Amino acid sequence: MAKENRKVKNSVLVDLFYEDEFAEENDRMLYNALHKEPLPEGTEIRKIRVDNVLYMNFQNDFSFGVGGKVLILGEHQSTINKNMPLRNLMYTGRAYEQMVPVRKRYKKEIIRLPKPEFYTFYNGKETKVININPDAGHEILEKCPVLKEYGQFIDMIRKYQETGDEDAYEHAIKECIQKGILADYLTKRGSEVVNMLVAEYDYKMDMEVQREEAFEEGEKLGRLEGQDDGKMMKLVHQVVKKIQKGISEEQTAEMLEEAFDTIHRIYDMAGEFAPEYDVERIYERLKQSF
């Protein structure tokens, strides 16, 4: 089975909750779904995003301030990531940097900051977070229709892809419009959504690459135990540096030109030794896992 396509899902979600003309309305709806008390009419929504342009290789999915009192940070994941608390903490700091002018930071008077709230929305196969897969039936989906329909849209794409349909995106969009799933959004921006999906993801090629990587990873994992200790220790050291900089597993795998599963295994082990990240202990624990 092909790996989950993080970039595609994230780009559509960001479009709905940050870029789209109705993003502010969607943010308000999401806030109300997450809280018992609905927002009073006229409450200011301030869209904020930790941008990759400002912070190299470091950006969140979407965030927004609510009435200057609450800061909502939303992340979308299709795989379990145990470092999300750390990443959210780092995103919060960057968001506060955008909200508080530099000169104001040096004043004696205390600066009142909005309370951060972190939410992870999940589209993978196993989870203990907010699962937005349609069959999960999470209560938030009934309170926030746009999030529910987004999950249905991704699920529709997945079903067409699993049949080997080469026009999965177009067929998923067409069926969603017919069924009233993100109908207005997809009718208005359907071609743009297809372009985003095509630009980010080639399903057939991904299938082929995953088969190749599975084979290569099997060989690599089989060699790790007998691999030169120095080389493996160096890899662990490099990965730890990336973790401390808040770089994702996917980006680290690409930067170091290593298989994602290998990097994921090191990230997973490293999480047990946070925040010190003792390289030698991580390495020894890694060797014991084989």
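In case you missed it, the structure is sitting above this.
A brief structural summary. The numbers attached to residues start from 1 for each chain and follow its sequence in the written order. Reporting of local features is limited, given that this is a predicted model, to residues whose pLDDT is at least 70; pairs of side-chain atoms are given and counted only at 80 or more, and all residues count toward the totals for whole chains, interfaces and linings. Side-chain metrics rest on all non-hydrogen atoms present in the structure, leaving aside hydrogens and water.

**Overview of the overall build of the chain**
- Secondary structure elements are taken from DSSP: a helix is a run of H or I of four residues or more, a strand is a run of E of two residues or more, and numbering for both begins at the N terminus. The number of helices and strands found in the chain is 12 helices and five strands.
- Taking contacts inside the chain between residues at least 6 apart in sequence as the whole, the part at least 24 apart equals 58%.
- In the structure as shown, the chain presents an accessible area of about 16500 Å², 49% of it carried by carbon and sulfur atoms. Residue contacts are counted whenever heavy atoms from the two residues lie within 4.5 Å of one another. Each accessible area is a Shrake-Rupley result for a 1.4 Å probe, and residues are judged covered by the shown protein chains and nothing else.

**Things to note about the environment of P38**
- With respect to the secondary-structure elements, P38 resides in the loop between helix 2 (23-34) and strand 1 (45-48).
- C-alpha separation for the pair P38 and R28, spaced 10 residues apart in sequence, amounts to 8.8 Å.

**Observations concerning a negative patch on the surface**
- Residues E276, D278, E280 and E284 make up a contiguous surface patch of negative charge.
- By the secondary structure assignment, E284 is in helix 12 (residues 279-288). Each patch groups residues whose relative accessible area exceeds 30% and which form no salt bridge, using 9 Å between like charges and 5 Å between nonpolar side chains of Val, Leu, Ile, Met, Phe, Trp and Tyr. Take a side-chain nitrogen of Lys or Arg and a carboxyl oxygen of Asp or Glu: if they are within 4 Å of each other, that pair is a salt bridge. By the counting rule applied here, Lys and Arg register as positive and Asp and Glu as negative, while His and the ends of each chain are not counted. Charged groups are reduced to one reference atom each: NZ for lysine, CZ for arginine, CG for aspartic acid, CD for glutamic acid.

**Comments concerning the pattern of salt bridges**
- The full count for this structure, using the stated rule, is 13 salt bridges.
- Here K188 and E21 are joined by a salt bridge, their closest N and O atoms 3.0 Å apart. Highlighted residues: K188 in helix 7 (residues 183-200) and E21 in the loop between helix 1 (6-19) and helix 2, separated in sequence by 167 residues.
- K188 gets classed as partly exposed once you look at its relative accessible area, which sits at 38%.
- Residue R94 pairs with E97 through a salt bridge whose shortest N-O separation is 3.2 Å. Each residue gets one of three labels from its accessible area relative to the maximum for its type: buried under 20%, exposed over 50%, partly exposed in between, using a 1.4 Å probe on protein chains only.

**A few points about unusual backbone geometry**
- The omega torsion of the bond from A274 to P275 falls at 0°, within 30 degrees of zero and hence cis.
- Examined against the element boundaries, P275 turns out to sit in the loop between helix 11 (260-271) and helix 12.
- Here the phi dihedral of E257 falls at roughly 55°; this positive angle occurs in a residue that is not glycine.
- Summarising the element assignment, E257 is placed in the loop between helix 10 (249-256) and helix 11.
- Positive phi, normally seen in glycine, also occurs at Y277, with a value near 55°.
- You can see Y277 is positioned in the loop between helix 11 and helix 12.

**Some remarks on the packing of helix 11 against helix 12**
- Look at helix 11 against helix 12: their axes get within 9 Å of each other, and the N-to-C directions meet at 120°. Accordingly, the angle class assigned to the pair helix 11 and helix 12 is oblique. When you trace helix 11 past helix 12, the crossing you get is right-handed. Across the interface between the two elements, R265, I266, M269 and A270 of helix 11 pack against I282, R285 and L286 of helix 12.
- Under this grouping Gly is polar, as are all residues other than the nonpolar Ala, Val, Leu, Ile, Met, Phe, Trp, Tyr, Cys and Pro and the charged Asp, Glu, Lys and Arg. Per-class residue counts for the contact of helix 11 with helix 12 are five nonpolar, no polar and two charged. Throughout, an axis means a line fitted to C-alpha atoms (over the contacting stretch in the case of helices), and angles, computed between N-to-C directions, take values from 0 to 180 degrees. Note that the term roughly parallel is reserved for angles under 35 degrees, roughly antiparallel for angles over 145, roughly perpendicular for angles of 65 to 115, and oblique for everything else. Helix crossings are classified by the rotation of the near helix relative to the far one: an anticlockwise turn of less than a right angle makes the crossing left-handed, while a clockwise turn makes it right-handed.

**Let's talk about the side chain of R87**
- Its location among the elements puts R87 in helix 3 (residues 84-99).
- Classification of R87 as buried rests on a relative accessible area of 11%.
- Not counting chain neighbours up to four residues away, the residues in contact with R87 comprise E75, Q77 and N81.

**A closer look at the pairing of strand 2 (residues 62-66)**
- The buried fraction of strand 2 is high, at five of five residues.
- Bridging between strand 1 and strand 2 involves four bridges; their strand directions are antiparallel. Each residue of the ladder has a partner; that of I45, found in strand 2, is V66.
- Bridging between strand 2 and strand 3 (residues 70-77) involves five bridges; their strand directions are antiparallel. In the strand pairing of strand 3, F64 is matched with I72. For two strands to be treated as a pair, DSSP must find no fewer than two bridges joining them.

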